[in-house]
Amino acid sequence: MTTYGVTPPVSLANPTPKEVTLNDTLVQELKSRGSFENEAAARKRIEVLNTIQKLTEEFVYKVSKNKNMSEGMAKDAGGKIFTYGSYRLGVHGPGSDIDTLVVVPKHVTREDFFEVFGEILKKRPELEEMAPVPDAFVPIIKMEFDGIPIDLIYAKLDLPKVPRDLKLDDKNLLRNLDERDLRSLNGTRVTDEILTLVPKPTVFKHALRCIKIWAKRRAIYANVFGFPGGVAWAMLVARICQLYPNAVGAVIVDKFFHIYSQWSWPQPVLLKQIEDGPLQVRVWNPKLYPNDRLHKMPVITPAYPSMCATHNITASTQKIIIEEFKRGAEIMNQVVAGEKTWSDLLAKHNYFFRYKFYLCVVAATKDNYEEHLKWAGFIESRLRILVQKLEVVEGVSIVHPFFEIFAHSFKAKDNTKADELIAKYGTHDGDAVMKELDKIENPNKDEINAEDVPVHLTKMYIGLDINLNPKSDKKLDIQKPCSEFFTLCKGWATYKEESNFIQIKNVKVYDMPDDVYDEDETRPVKPSKRKKDPLKAQNKKRPKSEVAAA
Ligand code: ATP
Ligand code: MG
């Protein structure tokens, strides 16, 4: 018998009839939430990938010929695409992109990828949109091809040809590559290996679909903001599959919550023993590297060089994630007992009701949209640093970043109006200013009159749980972490004082703008107003946490 993972399984039990039924209801729930795509859509994706494979070979051939290779050598040079991300794991939905890696032989450069391949793609009638981002951490061509969003990344191997039967599992392929090539190969190498490390891929996929929906509904799915991302959630589920190799998806979900709510962090979650390899690169090792000892909930990628996929988790986000595991375990007990259903497990978070105070970090740009995306992206990627600075302020017990950003673009008639919008955006008062302005509906494309001032805004929220000692006369002081954060942001390599703006606002729970709530949610009301209008307040359904916060 094969043993999967670093310990023997907990149980080899086959599912009981009751578990099979529970699993049927899980699959039903996933279907009703639109998790699966239909067969025609699945065929379409395969068709598109076949086309991209052909175009990749055409690309490599063309570059080879340009570099004076013979017809025969140019034909043999090959080129091969691989996928990673949710499509590769088999947990994508109808709207998901296909994360695609283009692997080429050593004479085909990254510049060739953006220029020559870019041109080949542009000539295709299927190409609907294309946005090359050559200077990203992982350089990428984002496009929509035949109705399907595709993220194309590039890696070159130190080989004269890349045949169709090439596999990426051999770590010797990583020799002599630059860092960007290594990063690009990593996605496919990790997802491929995860799939070989789970006993029953179908069971793994069902359980992972459920956990991904759950993590999004509970607002704890976001690598940048200190929560696990797609790969980390996949590995967490995969480990449970290893421990219960014969279980159905529903049982894996149940065990997932029970095991992780009691896990002795920072003990790492491993899918296999960490391997050594031929490169001068760091492999995760807390015995050797003090930084790795700081990881609070390590989940380690299986492919060499192993890394921690959850190094972004902070003290606060750890608490929040563990609370969610506990909630999941309790609800699953009731689901198994027939007292609750899967939709109870997947109920929406109450983030915008649960704290009294929030900070709203606003990144704004009075320039074109492309400039804004860079500026906002920079701030987004640094938000965790603000979270960590706030976590150590006396009287602050939880610093809770929201897992998604909000973005808007407007045309202002003059600078004064633009500045007013930037000043109020993110608060209830901002709603009124937004109503007075013309929206830029499609910032990617829309042309703007020269006399208008374009304002692009992105906001991120951080909930604060404050726990000041009532006997002490100390006040909460978050000035210092905020001003340090400003300094850090304004130190951005291409920061421009006249067009890039960063603000941090204090927003009380009843001063939130409307867009953070769903239509069926009743906004929290200011306590004094509530007293004046008790009947109205009683008629409204308000979550308990919000009443407690008021
Ligand atoms: P979806 O179904 O929404 O596409 P996904 O898991 O495929 O889900 P993507 O956003 O498409 O998520 O990302 C695919 C993969 O790309 C991730 O699993 C990860 O390996 C890598 N990735 C994406 N964004 C980042 C990032 N900011 N940092 C590191 N890796 C990233
Ligand atoms: Mg994807």
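Residues numbered from 1 in each chain as written. Chains lettered and ligands numbered in written order. Predicted model: local features only at pLDDT ≥ 70, side-chain atom pairs only at ≥ 80, totals over all residues. Heavy atoms only, no water.

### Observations concerning the domain arrangement of the protein chain
Which entries qualify depends on this criterion: Reported domain spans reflect what an automatic or database domain assignment gives. Whether two residues are in contact is decided by their heavy atoms, any of which lying within 4.5 Å being enough. Two parts placed together each lose some accessible area under a 1.4 Å probe, and the buried area is that loss summed for both. Put simply, a salt bridge is a Lys or Arg side-chain nitrogen that is within 4 Å of an Asp or Glu carboxyl oxygen. Under the scheme used here, helices are H or I runs from DSSP no shorter than 4 residues and strands are E runs no shorter than 2 residues, and both carry numbers assigned from the N terminus.
The domains assigned to the protein chain are domain 1 (17-32 + 197-345), domain 2 (39-191) and domain 3 (351-549). Here the C-alpha centre of domain 2 lies 29 Å away from the C-alpha centre of domain 1. At the junction of the two partners, domain 1 supplies 19 residues and domain 2 supplies 13 residues. Counting each side, the surface lost to burial between domain 1 and domain 2 is near 1,300 Å², with a carbon and sulfur contribution of 66%. Contact with domain 2 buries area across many residues of domain 1, yet Arg209, Pro278 and Leu279 alone supply 34% of it, more than any other trio. Scanning the region where domain 1 abuts domain 2 turns up 1 salt bridge. Two residues, Lys171 and Glu275, come together in a salt bridge whose shortest N-O distance is 2.6 Å. Elements that contribute at least two residues to the side of domain 1 that touches domain 2 include exactly helix H7 (201-217) and helix H8 (230-243).

### A few points about the site of ligand 1
To keep things clear, this is the line we draw: Near is defined per residue: the residue qualifies when any heavy atom it owns lies within 4 Å of the molecule or strand. Within 3.5 Å is the distance limit for a polar contact, defined as a pair of N or O atoms, with the added protein rule that one can donate a hydrogen and the other accept it, and that residues adjacent in sequence qualify only through two side-chain atoms. In this description, accessible areas are obtained by the Shrake-Rupley approach with a 1.4 Å probe, and a residue is regarded as covered only by the protein chains that are shown. Side-chain classes are defined by residue name, with Ala, Val, Leu, Ile, Met, Phe, Trp, Tyr, Cys and Pro counting as nonpolar, Asp, Glu, Lys and Arg as charged, and the others, Gly among them, as polar.
Every residue close to ligand 1 is listed here: Tyr84, Gly85, Ser86, Ser96, Asp97, Asp99, Lys212 and Val231. Ser96 is positioned such that a nitrogen or oxygen atom in its side chain is 2.7 Å from an oxygen atom of ligand 1. The contact in question runs from an oxygen atom of ligand 1 to an N or O atom on the side chain of Asp97, over 2.7 Å. Within the complex, 51% of the 600 Å² of free accessible area of ligand 1 lies under protein. Looking at the shell around ligand 1 residue by residue, the class counts come to 2 nonpolar, 3 polar and 3 charged.

### Re the nonpolar core
How we decide: By nonpolar core is meant a set of buried Ala, Val, Leu, Ile, Met, Phe, Trp, Tyr and Cys residues that side-chain atoms within 4.5 Å join together. With a 1.4 Å probe rolled over the protein chains alone, any residue whose accessible area is under 20% of its type maximum counts as buried; one over 50% counts as exposed, and the rest are partly exposed.
If you look at the biggest cluster of nonpolar residues, it comprises 121 residues, and the most contacted ones within it are Phe204, Trp214, Trp233 and Phe256. For this core, the element with the most residues is H8, which contributes 10 residues. Aside from chain neighbours lying at most four places away, what touches Phe204 is Leu89, Ile194, Leu195, Val198, Ala234, Val237, Ala238 and Cys241. Listed in part, the 28 residues of the second largest apolar core include Leu55, Val63, Tyr87 and Val104.

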